Amino acid sequence: MVASQAGDSDAHGRLLVRLAGHLRAYFARRLRGADDVEDLVQETLLAVHLKRATYDPSYRFAPWAFAIARYKLVDRYRRRGGRVSLPLESATDLLASDNPEEGAVRRDVAKLLAKLPERQQRLMRDVKLQGYSMDEAAARAGISVTAAKVAVHRSMKRLMREVFDEDL
Amino acid sequence: MKTSELIGALASAGGEPSPPRRPLARIAPAAIAGVVLALAALSLWLGMQPLAAAIRADWFWMKAAYCLALAVSGLLILLPSLRPGGRISAVGLAALAMALAGIAVMAGQEWVSAPATLWPKLWLGDSWDLCPWRILLLAAPIYALLIGGARPLAPTRLGLAGAAAGLMAGGLAGAVYGFYCQEHTAPFVALWYSLGIGLSAALGALVGARLLRW
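Keep in mind that what you see is a predicted model, and the values were worked out from it rather than measured.

1. A short note on the overall build of chain A
Along chain A, the regular secondary structure elements total nine helices and zero strands. Reading chain A from its N end, one meets helices and strands in the order α-α-α-α-α-α-α-α-α. Relative to its full complement of 168 residues, chain A shows a buried share of 25%. If you take every contact in chain A between residues at least 6 apart in sequence, the share linking residues at least 24 apart comes to 53%.

Here's what the structure looks like:
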């Protein structure tokens, strides 16, 4: 992004291509029609391009870009006259609201989970993906419920960081 | 249009440098121009009080300090709101709270130390029914310039940005109005100045939600 702001058109193109992929996933989770998704991807890319001067290099890029994506999404709902309230997204709903049957998403989740220590991975899989209760998952892992809760909480925090630190 | 084509077009347009833009660099000139405009409007419309005497009075500075504190907290909240992903400024909110607490304490002290017969005068002065509206009117041109300065940026929470711009415009307008207004009690300022500036912030939020779209 810093290179884009300096006028490096190759870097700018690469940035937009990568961002397009992330945006497609972001909007696909929140909208139904594929046309709508692609529309918003394009609108957001255009906005990122036009407003690139408002990115401050001393901050991280992802929150900036996704704030624009979120704005474009809200703007679309507003135009349609619908009433929605979008919670500020967190990695929690990236994991929780995804349909784990989708191959691409499953791969992403697996990649992300692989960053955790093995025991936490298994616990997270049980609780967040397989739908075990905290008690059941703790029993399966052979630890106390409190320990399981702490481990899940820590894992979520860690994943959240991973998701948002991933520099685009 | 395919997304890949769009990216190609944007990438070739990306050869133009677009260096980081500081919100302050756009807001500060707008604010200064707005204050000059509001001062000019005030002197044509109501004229000014004898300033040589006024600037020796504590109450003149009390009003200016209160209004400017509100304007500064508006500015502090406005700046980060003009960038996607910007947070609400905790410093700005703290400044706002301190300004409100400060004037409330001053008003309270004046109120309890005054005899009850003076209370209506203390709270209502001579111009309670005009003051908030005049401040609101003076805030309008400042607000318009602030919004003009903010539009090329990218606020993603339009209501918040609009309210902050309204607060800043209202605070500056209050300070400008102080050049005319001879009310000199803290309760009056705490009530009617705050009302005018608060109206400016509230309207600013409503109007900003429309004007700041991009």
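2. Concerning the overall build of chain B
Helix and strand counts for chain B stand at nine helices and zero strands. Order of helices (α) and strands (β) in chain B, N terminus to C terminus: α-α-α-α-α-α-α-α-α. Taken over the C-alpha atoms alone, chain B extends approximately 75 × 35 × 25 Å along its principal axes. Within the span of chain B, comprising 214 residues, buried residues form 46% of the whole.

3. Structural notes on the interface of chain B and chain A
The interface of chain B with chain A comprises 20 residues on the first partner and 28 residues on the second. Here the residues of the side of chain B that touches chain A are counted per class, giving ten nonpolar, seven polar and three charged.

4. Here's the deal with the nonpolar core
If you look at the biggest cluster of nonpolar residues, it comprises 83 residues, and the most contacted ones within it are Ile142, Leu146, Met168 and Leu172 of chain B. Considering every element that reaches this core, the biggest residue donor is helix α8 (residues 158-177) of chain B, with 14 residues. Once you skip the residues sitting within four places of it in the chain, Ile142 of chain B turns out to touch Ala31, Gly34, Val35, Ala38, Ala169, Leu172 and Ala173 of chain B. Core analysis: the second largest hydrophobic core is formed by seven residues, Leu123, Ala138, Ala148 and Ala151 of chain A among them.

5. Here's the deal with the packing of helix α2 (residues 23-45) of chain B against helix α7 (residues 131-150) of chain B
When two helices pack together, their arrangement is given by the angle between the helix axes and the distance between those axes. Residue and element names in this part refer to chain B. Here α2 crosses α7 at 160°, and the two axes come no closer than 8 Å. By the angle class used here, α2 and α7 are roughly antiparallel. By crossing handedness, the relation of α2 to α7 is classed as right-handed. On α7, the residues that touch Arg26, Ile27, Ala30, Ala31, Ala33, Gly34, Val35, Leu37, Ala38, Ala41 and Leu42 of α2 are Leu138, Pro141, Ile142, Leu145, Leu146, Gly148, Gly149 and Ala150. Here the residues of the contact of α2 with α7 are counted per class, giving 15 nonpolar, three polar and one charged.

6. Remarks on the environment of Met48 of chain B
With respect to the helices and strands, Met48 of chain B occurs in the loop between α2 and α3 (51-54). Residues in contact with Met48 of chain B, not counting those within four places in the same chain, are Ser43, Phe179 and Tyr180 of chain B.

7. Some remarks on helix α2 (residues 9-28) of chain A
With 20 residues, α2 of chain A extends 28 Å between its outermost C-alpha atoms, agreeing within 8% with the 28 Å of an ideal straight helix rising 1.5 Å per residue. Listing the buried residues of α2 of chain A in full gives His12, Leu15, Leu16, Leu19, Ala20, Leu23, Tyr26 and Phe27 of chain A. Buried residues along α2 of chain A sit in contact with α1 (2-5), α3 (34-50) and α4 (61-80) of chain A together with α1 (3-13) of chain B.

8. Quick word on the confidence of the model for chain B
On average, residues of chain B score 92 in pLDDT, and 100% of them are at 70 or above. We note a pTM of 0.75 for the whole complex and an ipTM of 0.82 for its interfaces.

9. Let's talk about the packing of α2 of chain B against helix α4 (residues 58-81) of chain B
All names here are of chain B. Packing of α2 against α4 brings their axes to within 9 Å, and their N-to-C directions diverge by 140°. Between α2 and α4, the crossing angle belongs to the class labelled oblique. Where α2 crosses over α4, the handedness of that crossing is right-handed. Residues Pro23, Leu24 and Ile27 of α2 touch α4, and the partners they reach there are Leu75, Leu78 and Leu79. Partitioning the contact of α2 with α4 into residue classes produces six nonpolar, no polar and no charged.

10. Some remarks on helix α7 (residues 118-130) of chain A
Every buried residue of α7 of chain A is listed here: Leu123, Met124, Asp126, Val127 and Lys128 of chain A. Directly beyond the C-terminal end of α7 of chain A, a positive phi value near 85° is found at Gly131 of chain A.

11. Section: the environment of Phe66 of chain A
With respect to the helices and strands, the residue Phe66 of chain A is situated in helix α4. Residues Phe66 of chain A and Thr44 of chain A, 22 residues apart in the sequence, show an inter-C-alpha distance of 9.1 Å.

12. Topic: the environment of Met134 of chain A
Residue and element names in this part refer to chain A. With respect to the element layout, Met134 can be found in helix α8 (residues 134-141). Separated by 23 residues in sequence, Met134 and Lys111 place their C-alpha atoms 23 Å apart. Once residues lying within four places of it in the same chain are set aside, the contact partners of Met134 are Val127, Val145, Ala148 and Lys149.

13. Here we look at the confidence of the model for chain A
This prediction gives chain A a mean pLDDT of 80; 81% of its residues lie at or above 70. Of the regions scoring below 50 in pLDDT, residues 90-101 of chain A engages in 18 contacts with residues more than four places distant in sequence or in other chains.

About the cut-offs
- Residues numbered from 1 in each chain as written.
- Chains lettered and ligands numbered in written order.
- Predicted model: local features only at pLDDT ≥ 70, side-chain atom pairs only at ≥ 80, totals over all residues.
- Helix = DSSP H or I, 4+ residues; strand = E, 2+ residues; numbered from the N terminus.
- Buried ≥ 20, exposed ≤ 12 C-beta atoms within 10 Å, placed from the backbone.
- Contact = placed C-beta atoms within 7 Å.
- Nonpolar A, V, L, I, M, F, W, Y, C, P; charged D, E, K, R; others polar.
- Core = buried A, V, L, I, M, F, W, Y, C linked by C-beta atoms within 7 Å.
- Axes fitted to C-alpha atoms, helices over the stretch in contact; angles between N-to-C directions.
- Parallel < 35°, antiparallel > 145°, perpendicular 65-115°, else oblique.
- Left-handed = near helix turned anticlockwise from the far one by under 90°.
- Expected span 1.5 Å × (residues − 1).
- pLDDT = per-residue confidence, 0-100.

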